[in-house]
Every structure is written in structure tokens, then in C-alpha cells.
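# Structure at a glance
Below are the chains, spelled out letter by letter.
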Amino acid sequence: RPVPKLTTSKMWRRFRNLGFLYAGGMHLWRANAPSCNFAAAASDGDVGGVSEKKSNFPRLLVGTYTQKLGHVDGKGRGLYGFSVDPENGSLTYESMTLAGDNPTWIAEYGDTVYVVEEACGRSGTLTAYSVTSNQEGRLTLTKQNSVSTLGPGTCHADITSDGKYIAVANYGGGRTKSDGTSASIAVYERLPLGNIGQIVASATHIGPGSGANPGRQEDPHAHMVYFARRSNPLDGHSLFVPELGEDAIKQYHLSKDGKLKNSAPVHHIPGSGPRHMALHPTMNFAYVVDELTSTLRVHQYDDSKGKLGPSMQTVTTLPPGFADHIDDSRSTTAAVKFNSSGKQLYVTNRVVGEDGIITVFQTKTDGRVQASSYHSSGGQTPRDFTLVGDSLLLAANQDSDNIVAFKVNPQDGSLQATGAVTHCPSPVALVVKQMK
């Protein structure tokens, strides 16, 4: 969501140029971003690739902003498809699919992807696309169907583990008082062939927001929908909604037959602005990034009841000494994701006017985390990232119009830029697909 536009600090520029590194318990900075040697423009004139396409390579699907809005100068045209060289992360352009205004989030299940349209001033759409290869082996999207999301600013979607339901979050769906015109979240059936079925449930978060950050928390703002595993699948599905406007994690239960019931929310401190979360892949802990305070909070998760406990640890996502050189309110978190083992957790930080920072955390057996390294994202506003296996990380830098590739150290998860930087306009959502 919006990053405030402020003047860049000369002191922070000097600080950043020293470089950050973490070693032996001492944090320093190393801006290890590669030089931006953009590839030659692709056939549609606005993206480029650097390696020869091979049919067995993974494919990368990229969502973009297509409009100029208050917080972004969207230059994209739709959804872009690339092949990914698994050795160095270089990308080869394959396709572009028109997908309405601002296709900014992509969820996947099997051979189908679900794309949200982040519309402003009207309800967005959720569209299902089948993913195939054409006769030349290039990634191709075929539209299946679309539904209204029942609210403006649709920003996220998630699918239950059994593939029966899909939910969306509408950032602009909250209301100071109920007017019956929009929803903060909506849940739909997912049909056996991947089409989106009828709506089964919805909820509107009624405000006002916490108001601790007047520019961002005047109303409720659902920022994510996250389905969490249950110890007994017969118990249905736990649905968590980080609520940036209310400084809370909303908790819902979705029954097997699609009935939605809410329970008491888990609150964060005023002005924190919960944005995204990730559940540890093997342990019962949940990790939530607060956008407005650049913090990571750890919660216990009871998979028998499907509920979160209060925060048991809070850590900054920024390097030590950051606030000595730049106001930390000028950084906002974006994405949080685990590698497959759960040993490392990655968080992106968007720093106004500067390259973003990717922070690597080590997870301990008690669920707590410790920051181990910090890396330049290679561009401004790293809205999203994805891991290719556990060997590569691709970072989407929204305001630098690039996707930057990093090698992942198998021991500690630290990052080293490979030198592969691919031009892509306003990239904000990344999904890797292995084609059959």
C-alpha cells in the first residue's frame, strides 16, 4: 500500500554507500546490489530478458500496476510471463496478458491462477486463468471467468488447502459505519475445473480505524487473507486477516460447508499496521509484519482451535543504527515468507527514495527469530519476492521497474546478487510455476 513521499536524506545516502554486512554478531551494511545492466527490450517494447528460453525452466508470472495512483506511477500493461534460468535467475520474456486495471496479486492452485484487480473507486475483480504452454513452449494464460470482489482496493487472495474455497481482501472495503455496499473480505466456491463459483460468505470491518496513524488508519483496511492449516481437516479452515487500519489480526473460522464465523481479534500496538503474515511450515508459530512500524511479531498458533495467541516476540526489520541516519517512519515493510525448511524467514523493507532492504531472520526451535543479514533489494520499493526452490530469490522492485536475482546461501540463507537484473514495469506480485 502507499509509501509516503518524502525527501531523501543525504546522510542516509552516505550511510548506505558504506555497505551492510552481518558477521560475528556485528551488523554493518553492504549494499550488494548488482549494476543494472538491463536486457534488450522484448517484442512488446517494455520488458526484456537475458537468457535463451528452455522449455524445462520454471516460469515466472508477474503482476503489475497499470495506472498512476497516489502511491505509484504504474507503468505495467498486465500480467507478464518469463522463463527463469535456475542457475542465475536471469529471465526471458515469454508473454503479456491484459488483465484489467492493476493486477497486483496472484494466487495459485494446480494449473490455475487467480488474479485480483486492485480497482480504485469501484469494486475490483477476481479472475481465474488456466496456465498452459503454447506450441512454442511459451507460458500462456487463458481466462476462465471473473467475479466482483464486492469492494475497492482488492489487494490479496488465498485458497484453502483442499481447493474448495478462495477468499479476497479489499483494502478499501472497511467502513466507519455499515452501509451494506462493500465487504472487507469475501469468500467464493472454487469449482473442480478451477472456475470461481458463487460467493458463500463475506464480512465488512466496521470502524473507525485506530486513528493512531491519521493518514493510513482512518478506516479499517484489510490487507491480506491467510488460510492456516488445522490439525483436524474436518474442523474446517482458519482464516486470518491482518487489519492495517485497526492494528489487529482478525480471526475467522470457515466451516466445511462455507459458513464464516468470527472470533476475538488479536491486537497489535496502536499505529503498527499489520500487513502480511506467514505460518511456519512445521512449527505452530505465526509471523506478522507491521507495515507502519517496520516490526516483525511472533505469535503462537493453536492448530487444534485455529487461533493465534498474543505476540510473544517483537523485533525490528531494519538494520541496527538505521534510525540514527534516517527516520525509520520512512521505511515500511511489505512481504514476509519462509523458505521450505522454515529455518530462514525473509522480510522486505521499502525505504523512501532509496533501495529497499531484504532482511534475513534465523528461526529458533522456540519459534523466536534473530536477524542474521541485511541486503539491498537492488531497487526501490521491493513490494514482493519469491523463492525459486531454495537456491534463488527474485525481488520485485516496484518503483525501479526491475526484478533482481539473488543466490541463496544454503547454510544461513544470506543473499548474493547474481548480476541478473530484468526490466519489468511496476512489478508487484511474483509466482513461480513449473510447467508440465
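Structure report, in brief. (Residues numbered from 1 in each chain as written. Predicted model: local features only at pLDDT ≥ 70, side-chain atom pairs only at ≥ 80, totals over all residues. Heavy atoms only, no water.)

With that settled, consider the sheet that holds strand β24 (residues 331-338). Two modes of strand pairing occur in sheets, parallel and antiparallel, and in both the strands are linked by backbone hydrogen bonds. With antiparallel pairing, four strands are arranged side by side in an open sheet as β24-β25-β26-β27. A strand with exactly one partner marks an edge of an open sheet, and here the two such strands are β24 and β27 (369-380). Along the sheet, successive strands turn relative to each other by an average axial angle of 20°, direction set aside. Looking at chain direction, strand β25 (residues 344-351) and strand β26 (residues 355-363) are connected through six bridges and run antiparallel. Across the sheet, Val347 pairs through a bridge with Thr359, a residue of β26. (Pairing = 2+ DSSP bridges. Helix = DSSP H or I, 4+ residues; strand = E, 2+ residues; numbered from the N terminus. Axes fitted to C-alpha atoms, helices over the stretch in contact; angles between N-to-C directions.)

What follows covers the pairing of strand β6 (residues 79-84). Counting buried residues in β6 gives six out of six residues, a clear majority hidden from the surface. The alternating pattern of β6 places Leu79, Gly81 and Ser83 and Tyr80, Phe82 and Val84 on opposite faces, both of which are buried. With four bridges connecting them, strand β3 (residues 59-64) and β6 associate as antiparallel partners. Bridge pairing in β6 links Val62 to Tyr80. Of the strand pairs in this sheet, β6 and strand β7 (residues 91-97) are connected by six bridges, and their pairing is antiparallel. The residue of β7 that forms the bridge with Leu79 is Thr97. (Buried < 20%, exposed > 50% of the residue type's maximum accessible area, 1.4 Å probe, protein only.)

The next thing to look at is the side chain of His156. With respect to the secondary-structure elements, His156 resides in strand β12 (residues 154-159). For His156, a relative accessible area of 2% corresponds to the buried category. In this structure the side chain of His156 is engaged in a polar contact, spanning 3.3 Å, whose partner is the backbone oxygen of Val225. Setting aside its immediate chain neighbours within four residues, His156 contacts Trp105, Val116, Ala167, Val168, Ala169, His223, Met224, Val225 and His276. (Polar contact = N/O pair within 3.5 Å; in protein donor to acceptor, adjacent residues only side chain to side chain. Contact = heavy atoms within 4.5 Å.)

Turning next to the side chain of Thr154. In this fold, Thr154 is placed in strand β12. In terms of polar contacts, Thr154 uses its side chain to reach the side chain of Asn170, at 2.7 Å. For Thr154, the contacting residues outside a window of four places in its chain are Thr104, Val116, Glu117, Glu118, Gly124, Thr149, Val168, Ala169, Asn170 and Tyr171.

With that out of the way, let us pick up the sheet that holds β12. The four strands lie next to each other as β12-β13-β14-β15, forming an open sheet whose pairing is antiparallel. The open sheet has two free edges, formed respectively by β12 and β15 (196-203), since each of these has just one partner strand. Put simply, the sheet's adjacent strands are angled 25° from each other on average, direction ignored. The pairing of strand β14 (residues 185-190) with β15 spans five bridges and is classified as antiparallel. Bridge pairing in β15 links Ala186 to Ser202.

Right, let's get into the pairing of strand β23 (residues 307-316). For strand β22 (residues 295-302) and β23, the ladder comprises seven bridges, and the chain directions are antiparallel. Pairing of Tyr301 across the sheet is with Leu308, part of β23. The antiparallel hairpin formed by β22 and β23 contains four residues in its connecting segment, where Gly306 sits at a positive phi of about 70°.

In this section: empty space enclosed by the protein. Summed over the entire model, instances satisfying the criterion amount to one cavity of 30 Å³ or more. Estimated volume of the largest cavity: approximately 40 Å³. As for the largest cavity, its lining consists of Thr104, Trp105, Cys155, His223, Arg275, His276 and Arg383. Contributing elements (two or more residues each) for the lining of the largest cavity: β8 (103-109) and β20 (274-279). Tallied by class, residues from the lining of the largest cavity come to two nonpolar, three polar and two charged. (1 Å grid on protein atoms, 1.4 Å probe; cavity = no way out; pocket = protein on both sides within 12 Å on 5 of 7 lines; lining within 4 Å. Points joined across faces, edges and corners; volume = space filled by probe spheres on them. Nonpolar A, V, L, I, M, F, W, Y, C, P; charged D, E, K, R; others polar.)

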